[in-house]
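A look at the structure
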Amino acid sequence: MQVDELLKPFPIKEFHPFPRALMGPGSHELIGPEALKMGFKKTLVMTSGLRGTDVVHKIVESMKYHGLEVVVYDQVESNPKDYNVMDAVGLYQQNNCDSFVSIGGGSSHDACKGARVSVAHDGRNVNEFEGFNKSENPANPPHIAVSTTAGTGSETSWAYVITDTTTDPDNPHKYVAFDDASVTSLAIDDPVLYYDCPVDYTAQCGFDVLAHASEPYVSRLNFQPSLGNALHAIKLTAQHLRQAVWNGQDLAGREGMMYAQYIAAQAFNSGGLGIIHSISHAVSAFYDTHHGLNNAIALPRVWAFNMPVCYERFADIAEAMGIDTHGMTKPQAADAALAASIRLLRDVGIPEKFADVTQDTYSKNRLGKGPTKFYENAPRIIGDDADIDRITNHVLGDACTPGNAKECTFETVRPVVAHSINGDLDDLLT
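Each value, and the rule that gives it
- Residues numbered from 1 in each chain as written.
- Predicted model: local features only at pLDDT ≥ 70, side-chain atom pairs only at ≥ 80, totals over all residues.
- Heavy atoms only, no water.
- Pairing = 2+ DSSP bridges.
- Helix = DSSP H or I, 4+ residues; strand = E, 2+ residues; numbered from the N terminus.
- Axes fitted to C-alpha atoms, helices over the stretch in contact; angles between N-to-C directions.
- Polar contact = N/O pair within 3.5 Å; in protein donor to acceptor, adjacent residues only side chain to side chain.
- Contact = heavy atoms within 4.5 Å.
- Buried < 20%, exposed > 50% of the residue type's maximum accessible area, 1.4 Å probe, protein only.
- Phe/Tyr/Trp six-rings, centres within 6.5 Å; stacked < 30°, edge-to-face > 60°.
- Lys NZ or Arg CZ within 6 Å of the ring centre and 35° of its normal.

Bringing the sheet that holds strand β4 (residues 99-104) into the picture now. Pairing is parallel across the open sheet formed by six strands, whose spatial order is β1-β9-β6-β4-β2-β3. In this open sheet, the two strands that pair with only one neighbour each are β1 (20-23) and β3 (69-73). Geometrically, the sheet is characterised by an average inter-axis angle of 20° between neighbouring strands, direction not taken into account.

And the structure:
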C-alpha cells in the first residue's frame, strides 16, 4: 500500500445517528401524543419566545391538552450563550422535569442539546463539553425538536454550537460540540410553522442550507453517502428559496426548503463542513450577528477560495443550481456556480459584505445589543487589520476548518476574511 494513501487526512469515515422524524404540514400537531408515547410527564420547553407569533403558545397549549405538565424557558438568544443553557438547566432541575422540547431554529435546538448534556452530568457547565464526544454519560433526557425555520438542521444533526462568554470576556469564543449523545429523540419539521418566519430571516436561513449542503460536497472528508443528499439539497434550495422568501405562505416553497434543510444537515452530519462555518462562528462570537447571514456573506468568497482544488465538484453544484453546463470546461462551470450563488444572494436581498451590516440591516439583528459590555462596545463590524487578524485566528481554531476543501493557513485564510468584510462581490465574477 502506498504510504501517502495512509496519510490522507480522513481515512476512516464515521456514520452518526439520526433521530426519527415527522415531516409535512400538520406534523407539529402530533407533539402531544408523541410526547406521551415517549413517557414525557413534565417537560421543559426551550425557545426564543418567537416574538410576534403565536407558535409557542399553540404548541404549549396542545401539550397541556394532552395532559402534559409544561415549564417554559423562553430566553434563548441568537447564537445561544452558555448562560442561556445553564439557566435552563437550573429551571429543569428546580421543577423536577423529565424531558425537553425545543421550539425554534438552531439557537433553541442547540441550547436545548447543551442543556440535556449538562443535566446528564449533574449540571456541569456546558462549556466543558466542547469538542468531539465529550459526554461520559450518554443517557440524556428525551428531546423533541420542533423547527420553525428552514436552515439549521440542528433537529437532526449530532452538533450544537454555543458561545462561551466566561473564559475570556474580552475575547468571546463560539464553539461546536459534536456529540452523538446530543442527537434529538424526535424531529418535527412542519412547513406551516415557517409561514411566520420574516423575509430576511428566511433568506438568511436559506443560505445556511446552501452552506450546509455545499461544504460536505467539497469537504476533504469526502464521505460518499453524503454526496447525494448534499447535491439534492443544493438543487432544492436553488428551486425554492426565492419563492419561500418572497411568498412566505407558499406551501411548495416552504416545503421545498424544509426538505432541503433536512437532507443538507444529514449530509454534513458525517460529511463535514468548512470555513464558511468557521468564518460565521468567528463573526458571531465577536459581533453576535446571525449565523445564516454570516454564512451567506462568506459563502461566495469561500467557494472562490476552494474551487481550484475541486473544479469538478463545483461543476456538479452548477448543474444542481439549474445551469446548463454543456460545452463548458469544469472551471467555467465552477465559475457559473459561483455567479449563480451571488445572483441568489442578491435576489433574496442579503447584504454583500460584513461592512454593510449595521444595527438596522435585518429584523433580528443583535449587533451592539449583546448581553455584556463587550457586545455593547461592538455596534459595528470594525474590519481593520486587528479585527481581521482576530477573526482569522478564531477561524483557524474552529472545529469545522480541518474539513475544508483547501488546506488553511493564516496567510491563505486572512484574505478570504478580509474580502468577506470589505470586498466587492463583483471582484469574484469573471
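Right, picking up where we left off after that structure.
What follows is about the side chain of S278. As for its position among the elements, S278 is in helix α9 (residues 275-287). In terms of polar contacts, S278 uses its side chain to reach the side chain of D398, at 3.5 Å. When residues no more than four places from it in sequence are discounted, the contact partners of S278 are V395, D398, C400 and T401.

So, about the pairing of strand β2 (residues 42-47). The element β2 is extensively covered by neighbouring structure, given that five of its six residues are classed as buried. Where β2 and β4 come together, five bridges link them in parallel fashion. Looking across to β4, one finds that V45 is bridged to V101.

We now examine the packing of aromatic side chains. Evaluated as defined, the whole model comprises seven aromatic pairs. Measuring from centroid to centroid gives 4.9 Å for F132 and F178, while their planes differ by 10°, and the two rings are stacked. One end of the pair, F132, is in strand β5 (residues 131-132); the other, F178, is in strand β8 (residues 173-178), with 46 residues separating them in the sequence. Looking at F178, the relative accessible area reads 9%, which means it is buried. Taken together, the ring pairs in this structure connect F132, W158 and F178 into an aromatic cluster. Over the face of the ring belonging to Y217 we find R313, whose NZ or CZ atom lies 5.2 Å from the ring centre. Lying over the aromatic face of F286, R390 brings its terminal NZ or CZ to 4.2 Å of the ring centre.

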